[in-house]
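Examining the three-dimensional arrangement
If you want the building blocks of each chain, they are given just below.
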Amino acid sequence: MIWAISRIRKDFKTWDRFTQVAVISGAVLVILLLVVAITVPDLRQSALIGVGGLLVVSELAVLWGNRGMISLYGQAQRHYLEGEFGAAVGLLEGARARGKIDARSLTLLGNSYRQLGRLSESEGVLSEAVDKAPDLYFPRYGFGRTLLAKGDYAGAVEAIRQAVAQGAPTVVRLDLGEAYYRLGAFDEALIELDSTVPDESYRKLMRAYLLHQIRFSFSPPSPDLIREGLPYWIASADRFRHTLYGEALKNDIEDLQGALN
């Protein structure tokens, strides 16, 4: 609730004049009706019904005020999901330059930078997103993923651990497990990697590979899984080739390719 109020305060200056007046008027009327509900018992029920109606109208006004951002985010998200990261960055950079960007859009911008291999920019934007919404897991998780890609494994562990504590989906623990593994904390990595089984083939491949590297009692990834999931990691190794993480992935890929021969 506190975060939502803070966000509305920050976005307020970007709304059109009509929306600003509507929200302020609604807030004033809510206060007046609450006073009536407290001081005039006979009108309490009617006043509270009025408060409820005004809150609904105010919520609609807030959504209307943010309509441009909602539309922009939707467009950028579609570009991101289709692998058009440059197009997503182009949309979101403009919004950021105008000061019309929230934590969700900042996170998408930071993640898009990472997908383009622009890790310093990704780290800076995602750090800004975390500052805007410190209680939300998704900007912190994105921040952790960028630190992992940079080879800052200790920083990645800390950020992704906090994201998990804040309610991130269970699958995020696989990224935490990988960060622990890269750090050399194999016992911790084993706990996280063994906590869930992902749906995506590339995640299944990395999970199976790392578990087998930690303990040979775990089955190695099958040839079919290697063939299916390896292209993702080859692309990642190329994207992050100038980092310690990219070098580590390159070695993993050579190992996995050797298993196919």
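Notes on the structure in this doc start here. Bear in mind that the values here come from a model prediction, so they are computed numbers and not experimental data.

Each value, and the rule that gives it
Residues numbered from 1 in each chain as written. Predicted model: local features only at pLDDT ≥ 70, side-chain atom pairs only at ≥ 80, totals over all residues. Heavy atoms only, no water. Helix = DSSP H or I, 4+ residues; strand = E, 2+ residues; numbered from the N terminus. Buried < 20%, exposed > 50% of the residue type's maximum accessible area, 1.4 Å probe, protein only. Contact = heavy atoms within 4.5 Å. Areas by Shrake-Rupley, 256 points an atom, 1.4 Å probe, with all protein chains shown as cover. Phe/Tyr/Trp six-rings, centres within 6.5 Å; stacked < 30°, edge-to-face > 60°. Lys NZ or Arg CZ within 6 Å of the ring centre and 35° of its normal. Patch = residues over 30% accessible without salt bridge, like charges linked within 9 Å, V, L, I, M, F, W, Y side chains within 5 Å. Salt bridge = Lys/Arg side-chain N within 4 Å of Asp/Glu carboxyl O. Axes fitted to C-alpha atoms, helices over the stretch in contact; angles between N-to-C directions. Parallel < 35°, antiparallel > 145°, perpendicular 65-115°, else oblique. Left-handed = near helix turned anticlockwise from the far one by under 90°. Nonpolar A, V, L, I, M, F, W, Y, C, P; charged D, E, K, R; others polar. 1 Å grid on protein atoms, 1.4 Å probe; cavity = no way out; pocket = protein on both sides within 12 Å on 5 of 7 lines; lining within 4 Å. Points joined across faces, edges and corners; volume = space filled by probe spheres on them.

Looking only at helices and strands, the protein features 14 helices and zero strands. For the protein, the α and β elements follow one another from N to C terminus as α-α-α-α-α-α-α-α-α-α-α-α-α-α. Of all 261 residues assigned to the protein, the portion counted as buried reaches 43%. A separation of at least 24 residues holds for 54% of the contacts in the protein among residues at least 6 apart in sequence. Here the protein has roughly 14000 Å² of accessible surface; of this, 58% comes from carbon and sulfur atoms.

Here we take up the packing of aromatic side chains. Applying the stated criterion across every chain, the model contains seven aromatic pairs. Between the aromatic rings of Tyr-137 and Phe-138, the centroid separation amounts to 6.0 Å while the plane-to-plane angle is 85°, which identifies the pairing as edge-to-face. Here a set of aromatic residues connected by ring pairs shows up, and it is made of Tyr-202, Tyr-232 and Trp-233. In this arrangement the basic side chain of Arg-104 is found over the ring face of Tyr-73, its NZ or CZ atom lying 3.9 Å from the centre. The lysine or arginine in question, Arg-239, covers the ring of Phe-240, its NZ or CZ lying 5.7 Å from the ring centre.

On to a nonpolar patch on the surface, then. Where nonpolar side chains cluster on the molecular surface, the patch consists of Ile-24, Val-28, Leu-29 and Leu-32 and spans about 350 Å² of accessible area. Secondary-structure assignment places Leu-32 in helix 2 (residues 17-39). Note on Leu-32: relative accessible area 49%, which makes it partly exposed.

A separate point is the packing of helix 8 (residues 137-150) against helix 10 (residues 172-183). Their axes nearest at 11 Å, the elements helix 8 and helix 10 cross at an angle of 30°. Between helix 8 and helix 10, the interaxial angle falls into the category roughly parallel. For the crossing formed where helix 8 meets helix 10, the hand is left-handed. Where helix 8 approaches helix 10, its residues Tyr-141, Arg-145 and Leu-148 are matched on the opposing element by Val-172, Asp-175, Glu-178, Ala-179 and Arg-182. Partitioned by chemical class, the residues of the contact of helix 8 with helix 10 number four nonpolar, no polar and four charged.

Another aspect to go through is helix 11 (residues 186-193). Of all the positions in helix 11, only Ala-189, Leu-190, Glu-192 and Leu-193 are classed as buried. Where helix 11 is buried, its residues meet helix 10 and helix 12 (201-214).

For the structure on display, the rule yields two cavities of 30 Å³ or more. Its boundaries defined by the atoms lining it, the second largest cavity holds a volume of some 40 Å³. If you list the elements that add at least two residues to the lining of the second largest cavity, you get helix 6 (103-115) and helix 13 (223-239). Ranked by the residues each element gives to the lining of the second largest cavity, the list is headed by helix 13, at three residues. Among the residues making up the lining of the second largest cavity, the classes are represented as two nonpolar, two polar and three charged.

Everything listed is a geometric property; what it means functionally is a separate question.
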